[in-house]
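Descriptive analysis of the structure
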Amino acid sequence: MASDVVALARLALDAASLRQQAIAHNIANANTPGYVPLGVNFEQQLAFARGASGGSVPASVKPFIEPDTSGTTRVALDMEMVKLTQNTVHYQSLLKALDKRGSIIATAVNEGRR
Amino acid sequence: MDLFNAFAISASGMSVEKTRLDVTALNIANAHSTRARDGSGFQPLQVISAARQARAFQAAFGAAGLPGGAEVVEVRTSPAPPRLVHEPNHPDADARGFVAYPGINPVREMVTLISALRAYEANVAALNAAKTMALRALDLGSNR
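Residues numbered from 1 in each chain as written. Chains lettered and ligands numbered in written order. Predicted model: local features only at pLDDT ≥ 70, side-chain atom pairs only at ≥ 80, totals over all residues. Heavy atoms only, no water.

Structural notes on the side chain of S10 of chain B
Inclusion rule: A helix here means a DSSP run of H or I that spans at least four residues, while a strand means a run of E at least two residues long, and both kinds are numbered starting from the N terminus. Think of it in three bands: with a 1.4 Å probe and only protein chains considered, a residue is buried below 20% of the maximum accessible area for its type, exposed above 50%, and partly exposed in between.
Within the secondary structure, S10 of chain B sits in helix α1 (residues 3-29). Judged by relative accessible area, which is 0%, S10 of chain B ranks as buried.

Focus: helix α2 (residues 106-138) of chain B
Quick note on the threshold: A helix's residues, less one, multiplied by 1.5 Å, set its expected span. Any pair of residues with heavy atoms lying within 4.5 Å of one another is described as a contacting pair.
Counted at 1.5 Å a residue, the expected span for α2 of chain B with its 33 residues is 48 Å, and the 48 Å between its end C-alpha atoms agrees. Of all the positions in α2 of chain B, only E109, A116, A119, A122, N123, A126, A129, A130, M133 and A134 of chain B are classed as buried. In this structure, the buried side of α2 of chain B is in contact with α1 (4-28) and α3 (77-109) of chain A together with α1 of chain B.

Some remarks on the pattern of salt bridges
Residue and element names in this part refer to chain A. Rules: The term salt bridge refers to a pairing of a side-chain nitrogen on Lys or Arg with a carboxyl oxygen on Asp or Glu at a separation within 4 Å.
Inspection of every chain in the model, using the stated rule, returns nine salt bridges over all chains. The salt bridge involving E43 is made with R19; its shortest N-O contact spans 3.1 Å. One end of the pair, E43, is in helix α2 (residues 43-53); the other, R19, is in helix α1, and 24 residues separate them in sequence. Judged by its relative accessible area of 39%, E43 is partly exposed. As a salt-bridge pair, R113 and E111 come within 3.5 Å of each other at their nearest N and O atoms. Across the pair, E111 and R113 agree in class, each one exposed.

Focus on the nonpolar core
Generally speaking, a soluble globular protein has its nonpolar side chains buried in company with each other. Threshold: Residues belong to one nonpolar core when they are buried, are Ala, Val, Leu, Ile, Met, Phe, Trp, Tyr or Cys, and are joined through side-chain atoms within 4.5 Å.
In terms of nonpolar packing, the biggest core is built from 30 residues, with L13, V40, F42, V61, I65 and Y91 of chain A together with L3 of chain B touching the most fellow members. Among the secondary structure elements, those contributing two or more residues to this core are α1, β1 (38-41), α2 and α3 of chain A together with α1 and α2 of chain B. Once residues lying within four places of it in the same chain are set aside, the contact partners of Y91 of chain A are L13, A16 and S17 of chain A together with L3, M133 and A137 of chain B.

Focus on the environment of E17 of chain B
The test is simple: A 3.5 Å cut-off defines polar contacts: any pair of N or O atoms within that distance qualifies, except that in protein one atom must be a possible hydrogen donor and the other a possible acceptor, and neighbouring residues in sequence count only when both atoms are side-chain atoms.
On the secondary structure map, E17 of chain B appears in helix α1. For E17 of chain B, a relative accessible area of 0% gives the class buried. C-alpha of E17 of chain B to C-alpha of I114 of chain B: the two residues are 97 residues apart in sequence and 11 Å apart in space. When residues no more than four places from it in sequence are discounted, the contact partners of E17 of chain B are A28 and N31 of chain A together with A116, A119, Y120 and N123 of chain B. Side-chain polar atoms of E17 of chain B contact the side chain of N31 of chain A, separated by 3.1 Å.

Remarks on the confidence of the model for chain B
Selection criterion: Across the chain, each position has a pLDDT score giving the predictor's confidence in that residue, from 0 to 100.
When pLDDT is averaged along chain B, the result is 86, and 90% of the positions lie at 70 or above. For this predicted complex, the interface score ipTM comes out at 0.78, while the overall pTM is 0.82.

A closer look at the packing of α1 of chain A against α1 of chain B
Note the following rule: Under this scheme, a helix contributes an axis fitted over its contacting stretch, all axes are lines through C-alpha atoms, and angles between N-to-C directions fall in the 0 to 180 degree range. The cut-offs work like this: below 35 degrees is roughly parallel, past 145 is roughly antiparallel, 65 to 115 is roughly perpendicular, and the gaps in between are oblique. As a working rule, the residues Ala, Val, Leu, Ile, Met, Phe, Trp, Tyr, Cys and Pro are called nonpolar, Asp, Glu, Lys and Arg charged, and the rest polar, with Gly in that last group.
Where α1 of chain A meets α1 of chain B, the closest approach of the two axes is 9 Å, and the angle between their N-to-C directions is 5°. Overall, the two elements α1 of chain A and α1 of chain B adopt an arrangement that is roughly parallel. The segment α1 of chain A lies against α1 of chain B, with S17, Q20, Q21, A24, H25 and A28 of chain A engaging L3, N5, A6, I9, S10, S12, G13 and E17 of chain B. Taken together, the residues that form the contact of α1 of chain A with α1 of chain B break down as five nonpolar, eight polar and one charged.

A look at the interface of chain B and chain A
Applied cut-off: The buried area of a pairing is the accessible area, by a 1.4 Å probe, that goes missing from both parts when the two are put together, added over both.
Taken together, the contacts link 42 residues of chain B with 35 residues of chain A. Both faces considered, chain B and chain A share a buried interface measuring about 2800 Å² in area, 64% of it formed by carbon and sulfur atoms. Counting across the chain B and chain A interface gives zero salt bridges. Remark: the boundary between chain B and chain A carries eight residue pairs in polar contact (both at pLDDT 80 or more). Sorting the residues of the side of chain B that touches chain A by element identifies α1, β1 (45-53), β2 (67-77) and α2 of chain B as the ones contributing at least two each. For the side of chain B that touches chain A, the per-class residue count stands at 21 nonpolar, 14 polar and seven charged.

Shown next, in the form of structure tokens:
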């Protein structure tokens, strides 16, 4: 049984939770002069690690917060709101996926009965 | 839980923008004040804010550390020169008949007001998003 799915979902949930903090931090500092927006480094790490290990998720992948490297030196409030919405939906869909996986296991435990 | 830090971050941002709103309101309210409490002229105030870094777990979360929100570093008097108006009958007029009104730029104050208001609203939106996420996480596995 692929417990990889749960591990991956948990990592992605951690990343989304961290990203929520980064976005909240950017919004909180929307009027701070000289502030460099923060982002979360996760997807690149994951893609790199999965490419190297051939599909499975190595334990070394860990989302962390870093300054946004896209070259923006000012917080764009509208873009942060877009990212916020996107992140919330992403987080909820991850939870939904985990929930459905739980349902599948529950079905197996109940021998197919509801 | 991680998301509680997001609540704290949004709260700190709201607090900073609230201070900015207060100070802007104070400046506008005193646009025509010729005396402060101590007898000198009223000086316009400005809020200096900065990003705050949470110390805990800093090493564990990479170089940037766990974000700690925003904070007001200081509320200082702005060095704007006073606006001189010729009113010889005013009790605060100087020897040449000029009254020194605070150097408050109403346009700039209004722009600060609007941007602080919008930033406050954005903080509230971020807080609500964190709340939705946390509540959904609590729902996990409840539909069975």
